[in-house]
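# Residue-level structural notes
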Amino acid sequence: MVLAVPARALAGAWNLPPGDGQIITTFNYSQANDAYTDIEGLDSTVEFTKNELRVFYEHGLTKHITAVVNAAHQTIGFEGLQSSINFSDFDKTEIGLRYELIRREGLAVSVQGSYILGGGPPESILDVGSRRDTFELRGLWGQSKEFKNYVLFFDAQAAIRARNSEEVEDWRTELTLGWKDKKKWMALLQGYHTERASFGRDGFTVPIQKRTKLHASVVYEYKKNRLLQFGYQQTLGGRNIVKERTLSMGTWVRY
């Protein structure tokens, strides 16, 4: 399969064959000097750094079902907006199953259900989403087109995270446009948008949060089933969230 997965540390619409799997390990370093405030302006007084080590694992269980695990450890320092945060612990951990609904040449459609173990920094402008356990339901749609010397592919995902049937945590959309040659190189352009509605807590109103990111990367297969990835990510817009700039490096192991 030329497009086993759209090459990223998130599940793609294409399932893996039974017994096949991959482990993607990424290190991300982020900085921010600005934060999008509640009036969608920028406050230039923040100082933010983040080191993140993330591991994504998936394994084909049956012809139609793939297991996925996504976990990370973060070290964060933040000063500004009348708060100071130092955090070093695990981020949210996702454990899920992806079921392939449709699979034919050039098309894959899947659904994924996951349990999200709470984690990450305190509920603040450092992250969209809470530290509580949640459930996620995700729809995935992928298309690919093969040419003589390369393949183009597109992957679109939409997800909802909820505490229970009556309490939605956040909404997520993710788009990937990719190019892969028939030898060793791949290029990816990915967009992410996350939005969380305002809610009440301890007699206070926690304002709405939004974040839109763009990530560009290249992937090189230096030997069979061993790949390296280098990328850059930028927060393009948001509300009550820091404006991150991120450098990333990753390794892939497929089996």
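All of these numbers come straight from a predicted model, not from anything done at the bench.

Procedures and definitions
- Residues numbered from 1 in each chain as written.
- Predicted model: local features only at pLDDT ≥ 70, side-chain atom pairs only at ≥ 80, totals over all residues.
- Heavy atoms only, no water.
- Helix = DSSP H or I, 4+ residues; strand = E, 2+ residues; numbered from the N terminus.
- Polar contact = N/O pair within 3.5 Å; in protein donor to acceptor, adjacent residues only side chain to side chain.
- Contact = heavy atoms within 4.5 Å.
- Buried < 20%, exposed > 50% of the residue type's maximum accessible area, 1.4 Å probe, protein only.
- Phe/Tyr/Trp six-rings, centres within 6.5 Å; stacked < 30°, edge-to-face > 60°.
- Patch = residues over 30% accessible without salt bridge, like charges linked within 9 Å, V, L, I, M, F, W, Y side chains within 5 Å.
- Areas by Shrake-Rupley, 256 points an atom, 1.4 Å probe, with all protein chains shown as cover.
- Salt bridge = Lys/Arg side-chain N within 4 Å of Asp/Glu carboxyl O.
- Core = buried A, V, L, I, M, F, W, Y, C linked by side-chain atoms within 4.5 Å.
- pLDDT = per-residue confidence, 0-100.
- Pairing = 2+ DSSP bridges.

Within the fold, Thr246 resides in strand 18 (residues 245–254). A distance of 2.6 Å separates the side chain of Thr246 from the side chain of Ser30, its partner in a polar contact. Apart from the residues lying within four places of it in its own chain, the contact partners of Thr246 are Asn28, Tyr29, Ser30, Gly231, Tyr232 and Gln233.

A separate point is unusual backbone geometry. Positive phi outside glycine occurs at Asn225, with the angle close to 65°. Even without a glycine there, the phi angle at Asn240 is positive, about 55°. Along the chain, the position of Asn240 falls in the loop between strand 16 (226–239) and strand 17 (241–242).

Along the chain, Ile102 turns up in strand 7 (residues 93–104). According to the relative accessible area criterion, Ile102 is partly exposed, its value standing at 34%. For Ile102 and Gly178, which are 76 residues apart along the polypeptide, the C-alpha to C-alpha distance reads 21 Å. Every residue in contact with Ile102, bar those within four places of it in the chain, is listed here: Leu107, Ala108 and Val109.

This structure, assessed with the given rule, holds 5 aromatic pairs. When the ring of Trp14 is compared with that of Phe153, the centres are 6.4 Å apart and the planes differ by 85°; the resulting orientation is edge-to-face. Taken as a pair, Trp14 in the segment before strand 1 (21–32) and Phe153 in strand 10 (residues 150–164) lie far apart in primary sequence, 139 residues in all.

Attention shifts here to a nonpolar patch on the surface. Taken together, the side chains of Phe147, Tyr150, Leu152, Trp179, Trp185, Val218, Phe230 and Met249 present a nonpolar region at the surface, about 730 Å² in accessible area. When you line up the elements, Leu152 lands in strand 10. Looking at Leu152, the relative accessible area reads 36%, which means it is partly exposed.

This part is about the nonpolar core. For soluble globular proteins, the rule of thumb is that nonpolar side chains tend to be buried together. In this structure, Ala13, Trp14, Phe153, Met186, Leu188, Val219 and Trp252 are the most contacted members of the largest nonpolar core, which totals 13 residues. Residues Ala35, Phe48, Phe78 and Phe87 belong to the second largest nonpolar core, which totals 11 residues.

The next point concerns the confidence of the model for the protein. On average, residues of the protein score 90 in pLDDT, and 90% of them reach the 70 mark or higher. In this model, residues 1–10 is a region of pLDDT below 50 whose contacts with residues beyond four sequence positions or in other chains number 46 contacts.

Moving on to the pairing of strand 10. With 12 bridges connecting them, strand 9 (residues 134–146) and strand 10 associate as antiparallel partners. Within strand 10, the position partnered with Ser144 by the bridge is Phe153. Between strand 9 and strand 10, which pair antiparallel in sequence order, lie 3 residues. Direction of pairing for strand 10 relative to strand 11 (residues 167–181): antiparallel, over a ladder of 14 bridges. Looking across to strand 11, one finds that Tyr150 is bridged to Asp181. Taking the residues between adjacent antiparallel strands as the criterion, strand 10 and strand 11 are bridged by 2 residues.

A few words now on the environment of Ser84. Residue position: Ser84 is located in strand 6 (residues 83–90). Spatially, the C-alpha atom of Ser84 lies 24 Å from that of Thr194, the residues being 110 residues apart in sequence. Apart from the residues within four sequence positions on either side, Ser84 is in contact with Phe78 and Glu79. Of the polar contacts made by the side chain of Ser84, one reaches the side chain of Glu79; its length is 2.7 Å.

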